[in-house]
Structures are given as C-alpha cells and as structure tokens.
Amino acid sequence: MKCAYCGEEITRPSNMAFSVEAYQLTTPGKYEGLMFDSLACISDFAAEHGIKYHSISVPLKELAK
C-alpha cells in the first residue's frame, strides 16, 4: 500500500523500523479512506486540496499482514 501523498510504500522496512502507525482519512467525501505514511503527508495533502480533515491512526503491523 502506498502513501496517497508521497507515493512511498507505507510498510517499507525503513518506515516499519521508525514508525508504528499510518494514517487514514476519515473525512467523508472523495478522499475518505486514503492512507498516508506520516502526519506531514496527510497535512500537506489536505493543504494542497483545501480540505479540513479528520483521520485515524492505523497500526503498521495490521497493514503488513
């Protein structure tokens, strides 16, 4: 699974070593459900698209299954 903003693989080994979670947009609409590998990516995405967002954190271990 790739980050919707930067395109990096969310469960790449370097991310798994330093992060414990990814972030999923929960704001209703066309962007709902998109996944991001960092808060910076989700924030930049929201700024570029002019949206206010809500998100949940998702444990990387669940995504790596």
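**Some remarks on the environment of Thr-26**
Here is step 1: Considering the arrangement of structural elements, one finds Thr-26 in the loop between strand E1 (21-25) and strand E2 (35-36).
Here is step 2: Residue Thr-26 is classed as partly exposed on the basis of its relative accessible area, which comes to 28%.
Here is step 3: Thr-26 sits 29 residues away from Ser-55 along the chain, and the two C-alpha atoms are 5.0 Å apart.
Here is step 4: The residues contacting Thr-26, other than those within four sequence positions of it, are Glu-32, His-54, Ser-55 and Ile-56.

**Some words on the nonpolar core**
Here is step 1: Membership of the largest hydrophobic core comes to 13 residues, with the highest contact counts inside it found for Ile-10, Leu-25 and Phe-36.
Here is step 2: Mapped by element, the contributors of at least two residues to this core are E1, E2 and helix H2 (39-49).
Here is step 3: Phe-36 has contacts with Cys-3, Ala-4, Tyr-5, Ile-10, Ala-22, Tyr-23, Leu-25, Cys-41, Ile-42 and Phe-45, leaving out every residue within four places of it along the chain.

**Describing the packing of aromatic side chains**
Here is step 1: Applying the stated criterion across every chain, the model contains 2 aromatic pairs.
Here is step 2: Summarising the aromatic geometry, the rings of Tyr-31 and Phe-45 are spaced 5.2 Å apart at their centres and angled 90 degrees between planes, so their arrangement reads as edge-to-face. Residue Tyr-31 is found in the loop between E1 and E2, and its partner Phe-45 is found in helix H2; the two are separated by 14 residues along the sequence. Of the two residues examined, Tyr-31 and Phe-45, each falls in the buried class.

**Examining H2**
Here is step 1: For H2, every residue scored as buried is listed here: Cys-41, Ile-42, Phe-45 and Ala-46. Angularly, the buried residues of H2 cover 130 degrees about the axis, an arc narrow enough to put them on a single face. Exposed positions of H2 whose direction lies more than 90 degrees from the buried face are Ala-47 and Glu-48.
Here is step 2: As for H2, its buried residues are in contact with E1, E2 and strand E3 (55-59).
Here is step 3: Following H2 by one or two positions, Gly-50 has its phi on the positive side, about 65 degrees.

**Notes on the environment of Glu-62**
Here is step 1: Residue position: Glu-62 is located in helix H3 (residues 60-63).
Here is step 2: Between the C-alpha atom of Glu-62 and that of Ala-47, which follows or precedes it by 15 residues, the distance is 28 Å.

**Let's talk about the sheet that holds E3**
Here is step 1: With respect to topology, 3 strands assemble into an open sheet ordered E2-E1-E3, the strand pairing being antiparallel. Single-partner strands in this sheet number two, and they are E2 and E3.
Here is step 2: For E1 and E3, the ladder comprises 5 bridges, and the chain directions are antiparallel. Bridged to Glu-21 within E3 is Pro-59.
Here is step 3: Relative to E1, H2 is tilted by about 20 degrees, and along the sheet it contacts E1, E2 and E3.

What counts, and at which threshold
- Residues numbered from 1 in each chain as written.
- Predicted model: local features only at pLDDT ≥ 70, side-chain atom pairs only at ≥ 80, totals over all residues.
- Heavy atoms only, no water.
- Helix = DSSP H or I, 4+ residues; strand = E, 2+ residues; numbered from the N terminus.
- Buried < 20%, exposed > 50% of the residue type's maximum accessible area, 1.4 Å probe, protein only.
- Contact = heavy atoms within 4.5 Å.
- Core = buried A, V, L, I, M, F, W, Y, C linked by side-chain atoms within 4.5 Å.
- Phe/Tyr/Trp six-rings, centres within 6.5 Å; stacked < 30°, edge-to-face > 60°.
- Arc of directions from axis to C-beta.
- Pairing = 2+ DSSP bridges.
- Axes fitted to C-alpha atoms, helices over the stretch in contact; angles between N-to-C directions.

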